[in-house]
Number of protein chains: 2
Amino acid sequence: MLRYNEAEAIAKDIGALACRSKIEEIVDGICKEGYDNIFFIGVGGTLAYAWTMENIVKPASSIKIYVEHAADFNTLGNKNFGKNSIVIVESASGDTKEVVESVEKCHKVGAKVIGIIDKLGTPLAGSVDYLINSTGGGLYKWYAIMLRFMFNNGEFPAYDLFWSQMSNMPAALVEVVKKADEPAAEFAKKYCDEPFQYLIGAGNTWGVAYSYAMCLMEEMLWMKTKSITAGDWFHGCLEVCDRDTSVIVFCGEDGARVETDRVLAFAPRITRKLTVFDTADYELPVNKEFRGLVSPMVMWAVCNRLTAHLEDELKHPSEIRRYYRQLKY
Amino acid sequence: MLRYNEAEAIAKDIGALACRSKIEEIVDGICKEGYDNIFFIGVGGTLAYAWTMENIVKPASSIKIYVEHAADFNTLGNKNFGKNSIVIVESASGDTKEVVESVEKCHKVGAKVIGIIDKLGTPLAGSVDYLINSTGGGLYKWYAIMLRFMFNNGEFPAYDLFWSQMSNMPAALVEVVKKADEPAAEFAKKYCDEPFQYLIGAGNTWGVAYSYAMCLMEEMLWMKTKSITAGDWFHGCLEVCDRDTSVIVFCGEDGARVETDRVLAFAPRITRKLTVFDTADYELPVNKEFRGLVSPMVMWAVCNRLTAHLEDELKHPSEIRRYYRQLKY
């Protein structure tokens, strides 16, 4: 398969899964000491990961969580933040400028920071209070953290069953990738040159749609996009769609499924260029009741193929940046 | 001035300001009884108003607020919602489908709903527990509600001074509209035919940017847009901008000002089509420390002129809808 190293993908996921015992130790310790609330602080793709988690935690947990853009947290702040807040940050590079500043601000107040940091020897790897380190597989680590907080809060009793099934997820996601290859290739061939792409998600696939549009299509592939929630698409954005507008819907299986279904029921009336990626199309090694929970992981596996084929069709290597980390700003 | 009725604009604002005494009575009663948290539930433009309020309340108040898209609230829900939650909804039409459903859901749980509803004799005007009714001037009513909650929480001691100055705001906003007319006309003439508009906001102008892009440019003018926070523009979105990309920055004067300033410092290096609308350009009848707080009102007054001139240049009457409330979906 184009630009896919199966062994490497599995190794990354297994590495991420292996972080769980350390994560449990960290979270159990925090819960024993007590905390007021949890702040997810991120930028771009990590902000979108935080939204994914928010959409998982919010319907099922009374834990007070706050999602903050690091730049907003640094400038505006949040009056509910304090020394008994727990902060979670993620940074693959380990040196995201705004996040480095946020962690400094947290430490001034006395709050503790859990960091999902891929690169050791970086400012963030050195400054967070609890370091979670492996390469890739970010969502496994987010899930391990938040589901443990929920379990300790009496809210996710299926914890052990869920994780016993998750050990089969790395291999299952390889199969997702393989099955998604053809539809992704077809999308890329048909629509890579569209002047504009609309990406729609809902619930825990909203973060995937936002991040895929911005971090992959815009940043890495220089494609113009707008991401929009299924709920809000009906409140303005639909009006600019006509028969030649490319609309991509990311359908997951959580409680917000009915919202993307509403788009699927209407969009074919107004565009000929509708593409649907649906996590329900893929076999997974987990119980039915967990499928919604893991939908973001499945969707990201599908996105892996989209990027590979778009890159190829556009003849635009995804490593190129015009400005990002190339210039001072 | 094109499509502007000064007397009507002032009358709407004065009507909205006049709601304050009723609002104080409502909020004082709620505070006396006690409440757990406040839910802003909306869709599209009213969701964006809620974000505006969130960015005002969050840095300055320990009140627990939650902003929910009505469709998400109806499907996913929020575990922190309960009978002691106070809900705020807004609907000009009074019959927004998802919001009607949300209010029913709230009542089933026993929570009380404050409704900013412009049209009497509508489902929402009939179903909310506390009705705030006048035509237009939505933000005055939002401010009256939330600043009273904050005042009662010991967080906005300048309450009386602020409102004494706000009585001069309707006339001042007319002057803003007049002064903004020329730059808005210039923007419309130059850029109405651009294939794509980027709208950037930060802090309490983010909601304005989001809503102006979607509810006005997309829904009413059929222009293609992407709205993005100043903070996140630097994390992907900037990469698709080149010298021919129209970028509009909404600069307010709250704590997030430094975030839009960062865009202004960099964007001229990569685009020739940068337009800045800045609330600091306008005289206001309020103390310096209140300017940031009222920035969204000022920006919406500027937007009034943008719409008038875009409508005229595009020869696209803003009342036309293709699908919105024309078709079933």
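Residues numbered from 1 in each chain as written. Chains lettered and ligands numbered in written order. Predicted model: local features only at pLDDT ≥ 70, side-chain atom pairs only at ≥ 80, totals over all residues. Heavy atoms only, no water.

**Q** I'd like a rundown of the overall build of chain A, residues and numbers included.
**A** Across its full length, chain A carries 13 helices and nine strands. Relative to the compact-globule value of 20 Å for 329 residues, chain A shows a C-alpha radius of gyration of 20 Å, a close match. Referenced to the eigenvectors of the C-alpha coordinate spread, the extents of chain A come out at roughly 55 × 50 × 40 Å. Burial status across chain A gives 63% buried among its 329 residues. (Helix = DSSP H or I, 4+ residues; strand = E, 2+ residues; numbered from the N terminus. Rg over C-alpha atoms; globule rule 2.2 N^0.38 Å. Buried < 20%, exposed > 50% of the residue type's maximum accessible area, 1.4 Å probe, protein only.)

**Q** Give me the lowdown on the state of the cysteines, citing residues and values where you can.
**A** Across all of its chains, the model carries zero disulfides over all chains by this definition. Free of any disulfide, Cys303(A) has its nearest cysteine sulfur in Cys215(A), 11 Å distant. Unpaired in terms of disulfides, Cys106(B) finds its nearest cysteine sulfur in Cys31(B), a separation of 18 Å. A relative accessible area of 0% places Cys106(B) in the buried class. (Disulfide = S-S within 2.5 Å.)

**Q** Describe the sheet that holds strand β1 (residues 37-42) of chain A, listing the residues and the values that go with them.
**A** Residue and element names in this part refer to chain A. Strands sit in the order β2-β1-β3-β4-β5 across an open sheet of five strands; the sheet is parallel. At either end of the open sheet lies a strand with only one pairing partner, and these are β2 (65-69) and β5 (130-132). On average, each strand axis in the sheet is inclined to that of its neighbour by 20°, with strand direction left out of account. As paired elements, strand β4 (residues 112-117) and β5 share three bridges and run parallel to each other. Pairing of glycine 115 across the sheet is with leucine 131, part of β5. Docked against the sheet, helix α7 (residues 138-152) engages β1, β2, β3 (85-91), β4 and β5, running at close to 170° with respect to β3. (Pairing = 2+ DSSP bridges. Axes fitted to C-alpha atoms, helices over the stretch in contact; angles between N-to-C directions. Contact = heavy atoms within 4.5 Å.)

**Q** So what's going on with helix α10 (residues 206-218) of chain B? Which residues, and what values?
**A** Given 3.6 residues per helical turn, the α-helix brings residues three or four places apart onto the same face. Residue and element names in this part refer to chain B. The end-to-end C-alpha separation of α10 is 17 Å, in line with the 18 Å expected for 13 residues at 1.5 Å each. In α10, a bend of some 30° at tyrosine 212 exceeds every other bend along the element. Burial within α10 is extensive, with 13 of its 13 residues counted as buried. (Expected span 1.5 Å × (residues − 1). Bend = angle between axes of the 7 residues up to and from the residue.)

**Q** Could you give me a rundown of the sheet that holds strand β7 (residues 225-229) of chain B, with the residues and numbers involved?
**A** All names here are of chain B. Spatially, four strands are ordered β7-β6-β8-β9 in an open sheet, and the strand pairing comes out parallel. Looking along the sheet, the strands with just one partner apiece sit at the ends: β7 and β9 (274-278). Averaged over neighbouring strand pairs, the angle between their axes works out to 20° when direction is ignored. Pairing analysis gives five bridges linking strand β8 (residues 246-251) to β9, with the strands arranged parallel. Among the inter-strand pairings, valine 247 is bridged to a residue of β9, identified as leucine 274. Sheet strands touched by helix α13 (residues 288-314): β8 and β9. Its angle to β8, the strand with the most contacts, is close to 145°.

**Q** Which residues make up the pairing of β3(A), and what values go with them?
**A** Residues and elements named next belong to chain A. Counted residue by residue, β3 has seven buried out of seven residues, so it is predominantly covered. Bridging between β1 and β3 involves five bridges; their strand directions are parallel. For phenylalanine 39, the partnering residue across the bridge sits in β3 and is valine 87. By the bridge criterion, six bridges tie β3 to β4 in an arrangement that is parallel. Residue pairing for β4: isoleucine 88 is matched across the bridge by isoleucine 114.

**Q** Account for the interface of chain B and chain A, with residues named and values stated.
**A** Contacts between the two partners involve 72 residues from chain B, matched on the other side by 72 residues from chain A. Across the interface of chain B and chain A, roughly 5,900 Å² is buried in total on both sides, 53% from carbon and sulfur atoms. Sorting the residues of chain B by area buried against chain A places Leu76(B), His235(B) and Glu239(B) first, and these three jointly supply 13% of that buried surface. The partner of Lys79(A) in a salt bridge is Glu155(B), and the shortest N-O contact between them spans 3.9 Å. In this structure, the connection of chain B to chain A is made through 34 residue pairs in polar contact (both at pLDDT 80 or more). Class assignment for the residues of the side of chain B that touches chain A results in 31 nonpolar, 19 polar and 22 charged. (Buried area = accessible area lost by both parts, 1.4 Å probe. Salt bridge = Lys/Arg side-chain N within 4 Å of Asp/Glu carboxyl O. Polar contact = N/O pair within 3.5 Å; in protein donor to acceptor, adjacent residues only side chain to side chain. Nonpolar A, V, L, I, M, F, W, Y, C, P; charged D, E, K, R; others polar.)

**Q** How would you sum up the relation of the copies chain B and chain A? Please name residues and give values.
**A** When chain B is brought onto chain A, the operation consists of a screw motion whose angular component is 180° and whose axial shift is 0.0 Å, with 0.0 Å RMSD remaining. On this basis, the relationship between the two copies can be described by a two-fold rotation axis. Among all C-alpha atoms of chain B, that of Lys226(B) lies closest to the rotation axis, at 2.7 Å. A share of 100% of the interface residues of chain B reappears at the interface of chain A, consistent with the copies meeting face to face through the same patch. (Least-squares fit on C-alpha atoms with pLDDT ≥ 70 in both.)

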